[in-house]
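Okay, here's what each chain looks like letter by letter:
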Amino acid sequence: MKILMIELETLCYYNRREYPRPLRFKILPNPNVPETIERPVILKVSQIFSSRVIEKGKKKTIVYECISELSSKKIQYDLKYFPDTQSWYLYRY
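Sequence order sets the numbering: in each chain, residues are counted from 1 along the sequence as written. Totals for whole chains, interfaces and linings use every residue, but because this is a predicted model, local features are given only for residues with pLDDT of at least 70 and side-chain atom pairs only at 80 or more, for both listing and counting. The side-chain numbers reported here are obtained from all heavy atoms of the structure, hydrogens and water having been left aside.

A. Quick look at the nonpolar core. In this structure, Leu8, Phe25, Tyr64, Tyr77, Leu79, Trp88 and Leu90 are the most contacted members of the largest nonpolar core, which totals 18 residues. Only strand S1 (3–13), strand S2 (21–27), strand S5 (59–70), strand S6 (73–82) and strand S7 (87–92) provide two or more residues apiece to this core. In this structure, Leu8 is in contact with Phe25, Lys26, Ile27, Leu79, Trp88, Tyr89 and Leu90, ignoring residues within four places of it in sequence. Think of a nonpolar core as a cluster: buried Ala, Val, Leu, Ile, Met, Phe, Trp, Tyr and Cys residues, connected wherever their side-chain atoms sit within 4.5 Å. The cut-offs for exposure are 20% and 50% of the maximum accessible area for each residue type, with area from a 1.4 Å probe on protein chains only; residues under the lower value are buried, those over the upper are exposed, and the others partly exposed. Numbering of helices and strands runs from the N terminus, with a helix taken as a DSSP run of H or I at least four residues long and a strand as a DSSP run of E at least two residues long. Residue contacts are counted whenever heavy atoms from the two residues lie within 4.5 Å of one another.

B. Structural view of the sheet that holds S6. Whether two strands pair comes down to DSSP finding at least two bridges between them. Spatial strand order, S3-S2-S1-S7-S6-S5-S4: seven strands in an open sheet with antiparallel pairing. Pairing within the sheet leaves two strands with one partner each, and these edge strands are strand S3 (41–44) and strand S4 (47–56). Recorded for the sheet is a direction-independent mean angle of 35 degrees between the axes of neighbouring strands. Bridge count for S2 against S3 is four bridges, and the pairing is antiparallel. When the sheet's bridge partners are listed, Ile27 is paired in S3 with Val41. Note on method: axes are straight lines fitted to C-alpha atoms, helices fitted across the in-contact stretch only, with angles between N-to-C directions ranging 0 to 180 degrees.

C. Examining the side chain of Asp78 more closely. Note on placement: Asp78 falls in strand S6. With a relative accessible area of 1%, Asp78 lands in the buried category. Polar contacts here mean pairs of N or O atoms no more than 3.5 Å apart (in protein, one a potential hydrogen donor and the other a potential acceptor; neighbouring residues in sequence count only if both atoms are side-chain atoms). One polar contact links Asp78 to Arg92, side chain to side chain, over a distance of 2.7 Å.

D. Region of the structure containing the pattern of salt bridges. Every case where a carboxyl oxygen of Asp or Glu lies within 4 Å of a side-chain nitrogen of Lys or Arg is listed as a salt bridge. Within this structure, the stated rule accounts for three salt bridges. The closest approach of N and O atoms between Glu9 and Lys26, which form a salt bridge, is 3.8 Å. On the criterion of sequence distance, the pair formed by Glu9 in strand S1 and Lys26 in strand S2 is long-range, its members being 17 residues apart. When its relative accessible area of 44% is taken as the criterion, Glu9 is described as partly exposed. A salt bridge links Arg92 to Asp78, with the nearest nitrogen and oxygen atoms 2.7 Å apart. Within this pair, whereas Arg92 is found in strand S7, its partner Asp78 is found in strand S6, the two being separated by 14 residues in sequence. Arg92 sits in the partly exposed class, given a relative accessible area of 26%.

Set out below in structure tokens:
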């Protein structure tokens, strides 16, 4: 798996007691990252294997290990969520 850290537009489900769960996300073309795609792609999160909270000092990060289907292939990846800034990133692919 490669570490990418590409910012995403994410549709997620919020519950009162839990952290948000990603449902879908959009990957936009990024000229600064050579591994990105040429046009926007929307992926549905098929399954979340695990989620863990990482605390470094006062900052929290939630890492989701997920799987999706792209062109009838299953791909595994990690999404990172930063609650302080409410931003999502494709962390590893």
